[in-house]
Each structure stands twice: as C-alpha cells, then as structure tokens.
Amino acid sequence: MKVLVVEPGYRNKYPPLGLMKISAYHKRRRDEVVFVKGEVKDLKYEFWDRIYITTLFTFYFDLTVHTIRFYKRYVKRVSDIYVGGILASLMTEKLKEEAGVENVIPGVLNDSSVLGYSDKVCIDTLTPDYSMLDQIAYSYPASDCYLSYTTRGCPNRCSFCAVPRLEPNFETTGDISKHIHQADRMYGTRR
C-alpha cells in the first residue's frame, strides 16, 4: 500500500506527532509511507492508496481546506483521504462541508478500526516515526527531541481552552521511557 502523510504548509515549531504515529503504524504493516509538507506537485506516485492530512489550529482553517482540496486529485476515491488533528476535532462538520471529505476523524486515534483496519491497534501509543522528518526540507525548531505525552486532558477547564473538548478526561499516559529507548534504538539519540 502507498500511503502519503501530509502536513499543510503552515509554520510550526513541533513536528506532526499524530502523522508520525500513523506513519509508524503503516510501516509496521509494511506499507510505503511518504511525508510531505504543503502542496507538492511533483509526487512519487500519481495515485495514493491512502492520504492522511493533519490539522493544527482553527486559524489555519482556509489553508487546511485548500490543502485537502489539492490532494483530492491524488486518490481514486475521496474516501481514501483521512483528516485528523486539533482543527478536525473542533470543527469536524464544517471541515467536512468545506473540504468535501467524509473521513474527518475527531479525537485521539485509540483504535485503528476508526481507519478501517481490524487489528485494533492503539495508534496513539506507538513510538513516533522520527525518520519521516528526513523526507522534507522544512526544519522544525523542536525536531531533535523526543515527542511524547505524559498526560492527556486537563483538570482546569479554563474558558478559553479547547483541551476539555479534545481530551475530556485527565489521565496520565504511563511510562514514556519505553518510547525513549525504542526511539534511541530505531532513530538515534535525541536531545
């Protein structure tokens, strides 16, 4: 399977952790995964079996919709495009309507069945694929570090914050040392 993972062309400090975990999932399945940032016209394949597009903040709505529309030409069926992330979780229906896609996945990827797979893998707990960052020219200021969550959710419920909508339950995620050691072994030591 040929899988394309896409981050819209906005400037950001941190690499797309969700896409890095999706890449790790597909590589475990022995799929070919290519990562791009922004709209890339010179792609390796004319058609992809699956395209994942991440979203960040709601103020990038127009750029994100434009990016999704751009990549529709690279799949045989629009249903082969999956969109997730913060904006997708907060504005699911509006994003579906404006971008013309159905597979807008809100929340955390706790079960691969949401993506149509039967293996029931919790993609959110996979060690991110740091190697995919080498496929693009963009340099994230925080690319040479370990990326992980130590908690999910927040108990404070501040009126301006979307975290309670994204992750309503506060919980610790467990010991991250396993991911650090595995990342060291697979991708080399990070800061």
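Attention here is on the structure that accompanies the text. None of the values given here were measured: they were computed from a predicted structure.

## Focus: unusual backbone geometry
In this model, Arg 30 sits at a positive phi of 70°, which is unusual for a non-glycine residue. A residue is classified by how much of its surface remains accessible, and Arg 30, at 75% relative accessible area, is exposed.

## A word on the layout of surface pockets
Counted as a void, the largest pocket has a volume near 1200 Å³. Lining the largest pocket are 42 residues, and of these Leu 17, Gly 18, Gly 85, Ile 86 and Tyr 149 lie nearest its centre. Of all the elements in the fold, those that place two or more residues in the lining of the largest pocket are α1 (17-28), β3 (50-55), β4 (81-85), α3 (86-90), β6 (151-152) and α5 (163-166). Ranked by the residues each element gives to the lining of the largest pocket, the list is headed by α1, at five residues. For the lining of the largest pocket, the per-class residue count stands at 26 nonpolar, 10 polar and six charged. Roughly 380 Å³ of volume is contained in the second largest pocket.

## Some points on the pattern of salt bridges
Close approach of charged atoms allows side chains of opposite charge to pair. In this structure the tally under the stated criterion is 10 salt bridges. Here Arg 29 and Asp 31 are joined by a salt bridge, their closest N and O atoms 3.6 Å apart. Judged by relative accessible area, Asp 31 falls into the buried class, the value being 12%. Ionic pairing is found between Arg 77 and Asp 80, a salt bridge with its closest N-O pair at 3.1 Å. Given the relative accessible area of 9%, Asp 80 is considered buried. Each member of the salt-bridge network shares a partner with another, and the members are Lys 21, Asp 124, Arg 152 and Glu 167.

About the criteria used
Counting restarts for each chain, with residues numbered from 1 along the sequence as it is written. Where local features are concerned, this predicted model is filtered to residues with pLDDT of at least 70; where side-chain atom pairs are given and counted, the filter is 80 or more; whole-chain, interface and lining totals use all residues. Note that water and hydrogens are dropped before the side-chain values are worked out from all heavy atoms of the structure. When accessible area is computed with a 1.4 Å probe and restricted to protein chains, residues below 20% of their type maximum are described as buried, those above 50% as exposed, and intermediate ones as partly exposed. Here a cavity denotes grid points, spaced 1 Å and computed from the protein atoms alone, that fit a 1.4 Å probe unable to get out, and a pocket denotes an open set having protein on both sides within 12 Å along at least 5 of 7 lines; residues with an atom within 4 Å of a point are the lining. Grid points are joined across faces, edges and corners, and a volume is the space filled by probe spheres set on the points. A run of H or I in DSSP becomes a helix once it reaches four residues, and a run of E becomes a strand once it reaches two; helices and strands are each numbered from the N terminus. All residues other than Ala, Val, Leu, Ile, Met, Phe, Trp, Tyr, Cys, Pro, Asp, Glu, Lys and Arg, Gly among them, are scored as polar; the first ten of these are nonpolar and the last four charged. What makes a salt bridge here is a side-chain nitrogen of Lys or Arg within 4 Å of a carboxyl oxygen of Asp or Glu, nothing more.

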